[in-house]
Structure formats: C-alpha cells, structure tokens
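# Inside the fold
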Amino acid sequence: MRVAALAGGIGAGKFLRGLARAVPPHDVTVIVNTGDDVVMHGLRVCPDVDSVTYWLGDAFDRERGWGRRGDTFRANEELARFDAELAWFNLGDLDLATHLFRTDLLASGATLSEVTQRVTSRFGIDMRLLPMSDDPVTTRVSVVAEGEEVDLHFQEYWVRRRAQDEVKSVRYQGAASARPAPGVLVALREADLIVLCPSNPVASVAPILAVPGIREELEWRRDVVAGVSPIVGGRPLAGMADRLLPVAGVEVTAAGAAEFYSGLLGAWVIDDVDRGIAGRIERTGVRVAATDTVMTDDSKAETVARMALALVT
Ligand code: FO1
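Residues numbered from 1 in each chain as written. Predicted model: local features only at pLDDT ≥ 70, side-chain atom pairs only at ≥ 80, totals over all residues. Heavy atoms only, no water.

### Brief notes about the overall build of the protein
Looking only at helices and strands, the protein has 12 helices and 14 strands in total. In summary, the protein has a C-alpha radius of gyration of 19 Å against a globular reference of 20 Å for 313 residues, a match within 12%. Principal-axis analysis of the C-alpha atoms places the extent of the protein at approximately 60 × 45 × 40 Å. For the protein, the proportion of its 313 residues judged to be buried stands at 56%. Carbon and sulfur atoms make up 49% of the accessible area of the protein, which amounts to about 13,300 Å² in all. Of the side-chain charges in the protein, 34 are positive and 44 negative, and the distance between the mean point of each set is 3 Å. (Helix = DSSP H or I, 4+ residues; strand = E, 2+ residues; numbered from the N terminus. Rg over C-alpha atoms; globule rule 2.2 N^0.38 Å. Buried < 20%, exposed > 50% of the residue type's maximum accessible area, 1.4 Å probe, protein only. Areas by Shrake-Rupley, 256 points an atom, 1.4 Å probe, with all protein chains shown as cover. Lys, Arg positive; Asp, Glu negative; His and termini not counted. Charge placed at Lys NZ, Arg CZ, Asp CG, Glu CD.)

The following block contains the structure:
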C-alpha cells in the first residue's frame, strides 16, 4: 500500500502520526509545502517541513503550535537586545541548529531535498519527506494596511502583523517556473492513496498544487485522492486552516474546503458534526465519510487515516 500525502504544518503532523500506525511508514511519501519558507538572519527556515519533521520525530511543541518542545529562546532574546525589530520571528535555540545545518548544506551545493533527507534521518523518521520543490516558491499576501495595498511575505502577514490585515489576494511567487522535487511526480503516479492532509488549503496545499505537474497528476488520479477536511463545524481543526479560504471565494465549512479542491477529490473525510452537509458534497461526485476528526491523540488520528484509506481502496 503506497501512500503519497500533500502536507502543511500542524494538521498534517497530527494526521501523519496516525497514518504511520495504519500503514508501514516506509511506504509513505510526504510532499511538504515550502511556500512559507523564509530566510531569517541569513538562515533558511522551512516551517512546514520542520513542523512535520518535529511531529513525526516526537519533538514538536504541541502547546505552542510551532517549533521544538522544550526549546529556549536565548539567542532570539539576545538578538532583540541589539534591535527588537529583528526578533519578530522567534527562532528557538534548538530549532536554530536545524536552520544552521540546513543553510550550511545548501551553501555547499546540496539541494533542499537532500538536506531534508539528512534532517529527517537525524529525527529517526521512516516516512520519506520531500519538499514540494527544490526551487524557490514564496507565498505572498497582498493586504490593505493603513489604507494602502502592500505586498507581504506570508510570514510577515501571519507572524509579524498577526494576520490582522484585510487580505486582497494570495500568490505563489516562483511557482510557475518551479519543478517538482525529484520523486514527487513518481510518488503521486504510483500511490494507491493520495491524501490531502487537513492543512490550510490556501496557505499550505495550494502552493504545492501550484508547482507545474502536481495538480495535473491529482486530476488524472482523482479516484485515489482522499482529503481530510481541515474545517470542523465551521472552525479550523488545527492552526489557521480557516484563514484565507474566504479570499479564495469559498465558505469556511467542510463543504467550502471540498469545493476549493474541485476536480481533484475522489473522497472527503469530514467530522461527525458536519454529517448534515455530507449530501451536498456527495452531489459534486465526491465520496464522503464522517468520523471524529479532532485528532487529540495518535489513536484518533489513526482512525481518521484508516477512514481515508477505506474510501479509496
Ligand atoms: N509562528 C508564530 O506565530 N510566531 C513565531 O514567532 C513563529 C516562529 C517560527 C519559527 C520557526 C518555525 O518553523 C515556525 C514558526 N512559527 C511561528 C510558525 C509559522 O509561522 C506558521 O505557523 C507556519 O508557517 C504555517 O504553516
């Protein structure tokens, strides 16, 4: 049973821990968003790749919702003493080691795929993690701030400005000329199940779909594509999956998120509380199953993963 998963951060991390209990982890390829990658103080930071790595490596800080459990922020605090403006993106001391290691290898000519393989093996991860592309793709958010339209890096919008601005549009700079990372298209072509993790559709999954060839592969293989709704009862399952859906013109419901993936989904897993809208989604030609998708532990996540598997196999 070969599985390919399209993944963002928190929701994906939780789900993939369950998937690891449902199928042999060696059979899983996780294709991770890099659109929210950012260069900070000269260091390449890959928030979604690192989130999935830390979740699967049992090192994620579940309470904070990002970074490593037990981390300290001494370096960042010291940076703030030089200039508070420099320290808005909080890099933990342990987390910094990951960025130092990655940046150094990239500078010596390694690709992001190669670096990711080194990082995930250090965390003892059996799944294969691939960045969506080795080429730079940057999610940019156009917002109205103090009456003027400004174009921001995704992290400036989300962390620095706390996602408070009115969003006009989102674009994935560089995506049109990016190539899928080695192994991505083959993994999608050969998968018995392609799963869209319960991640933010606009911020996490859409950048992956924007890399030429990936969306097309899902369209061809629609029958084996199962998504897990990141929206439960009109609210996000984890993180900020509700944000930005309105910008894409769809409602913040399990049906709206399914609509966002129109033409790509064979099946859609929703939460029990959303059973009432299952018929609406089914009428668009998508198989629907409901379960408790609030993955408060690995065994619940396993149930969700098994449901996605059952819908396509
Ligand atoms: N999120 C925050 O809300 N504040 C931070 O200071 C912050 C720092 C940070 C550092 C490394 C990292 O990998 C992620 C970090 N995040 C932080 C999370 C990140 O901004 C987003 O949640 C993801 O990019 C969305 O998937």
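What follows picks up the thread again.
### A few points about the packing of helix α1 (residues 10-22) against helix α2 (residues 47-56)
Axis separation between α1 and α2 bottoms out at 9 Å; the angle between their running directions is 30°. By the angle between their axes, α1 is roughly parallel relative to α2. Relative to α2, α1 is oriented so that their crossing is right-handed. Counting all contacts with α1, which are made through I10, A12, G13, K14, L16 and R17, the residues of α2 involved are V52, W55 and L56. (Axes fitted to C-alpha atoms, helices over the stretch in contact; angles between N-to-C directions. Parallel < 35°, antiparallel > 145°, perpendicular 65-115°, else oblique. Left-handed = near helix turned anticlockwise from the far one by under 90°. Contact = heavy atoms within 4.5 Å.)

### Considerations on the packing of aromatic side chains
Counting across every chain of the model gives seven aromatic pairs. With a centroid separation of 6.4 Å and an interplanar angle of 55°, the aromatic rings of F154 and Y157 are classed as tilted. Residue F154 and its partner Y157 are located together in helix α6 (residues 154-160), separated by three residues, close to a single helical turn. Under the relative-accessibility criterion, Y157 is labelled buried at 3%. When the centroid spacing of 5.4 Å and the interplanar angle of 80° are considered together, the rings of F260 and Y261 count as edge-to-face. Each member of the aromatic cluster is reached from another via a ring pair, and the members are F260, Y261 and W268. Positioned above the aromatic ring of Y54, the side-chain terminus of R68 is 5.8 Å from the ring centre. (Phe/Tyr/Trp six-rings, centres within 6.5 Å; stacked < 30°, edge-to-face > 60°. Lys NZ or Arg CZ within 6 Å of the ring centre and 35° of its normal.)

### Points about the pairing of strand β9 (residues 193-196)
Residue alternation in β9 divides its side chains into two sets, L193 and V195 and I194 and L196, and both sets are buried. Bridge analysis of strand β1 (residues 3-7) against β9 gives four bridges, and the strand direction is parallel. From the neighbouring strand, V3 faces β9, where its bridge partner is L193. Bridge analysis of β9 against strand β10 (residues 225-228) gives three bridges, and the strand direction is parallel. Paired with I194 across the strands is V225, a residue of β10. (Pairing = 2+ DSSP bridges.)

### Overview of the pattern of salt bridges
By the definition in use, this model includes 20 salt bridges. With its nearest N and O atoms 2.9 Å apart, the salt bridge here joins E302 to R21. Residue E302 is located in helix α12 (residues 298-312), and its partner R21 is located in helix α1; the two are separated by 281 residues in the primary sequence. Of the charged contacts, one joins R81 and E78 as a salt bridge, the two residues approaching to 2.6 Å between their closest N and O atoms. Of this pair, R81 and E78 both sit in helix α3 (residues 74-82), three residues apart, which is roughly one turn of the helix. The exposure class assigned to R81 is exposed, which follows from its relative accessible area of 61%. (Salt bridge = Lys/Arg side-chain N within 4 Å of Asp/Glu carboxyl O.)

### Some remarks on the environment of G35
Relative to the helices and strands, G35 is located in the loop between β2 (28-32) and β3 (38-40). A residue is classified by how much of its surface remains accessible, and G35, at 0% relative accessible area, is buried. Taking the C-alpha atoms as reference points, G35 and A206, separated by 171 residues in sequence, lie 9.2 Å from one another. Each residue touching G35, except ones within four places of it in the same chain, is listed here: M132, V137, T138, T139 and P207.

### Focus: the sheet that holds strand β14 (residues 287-291)
The sheet built from seven strands is open, its strands ordered β5-β2-β1-β9-β10-β13-β14 with parallel pairing. Every interior strand has two partners, whereas the edge strands, β5 (128-131) and β14, have only one. Going across the sheet, the axis of each strand differs from the next one's by a mean of 20°, ignoring polarity. The sheet contact formed by β2 and β5 spans four bridges and is parallel. When the bridges of β5 are listed, V30 appears paired with L129. Across the sheet, α1 is in contact with β1, β2, β9 and β10; its angle to β1 comes to roughly 165°. Sheet strands touched by α12: β1, β9, β10, β13 (267-271) and β14. Its angle to β14, the strand with the most contacts, is close to 160°.

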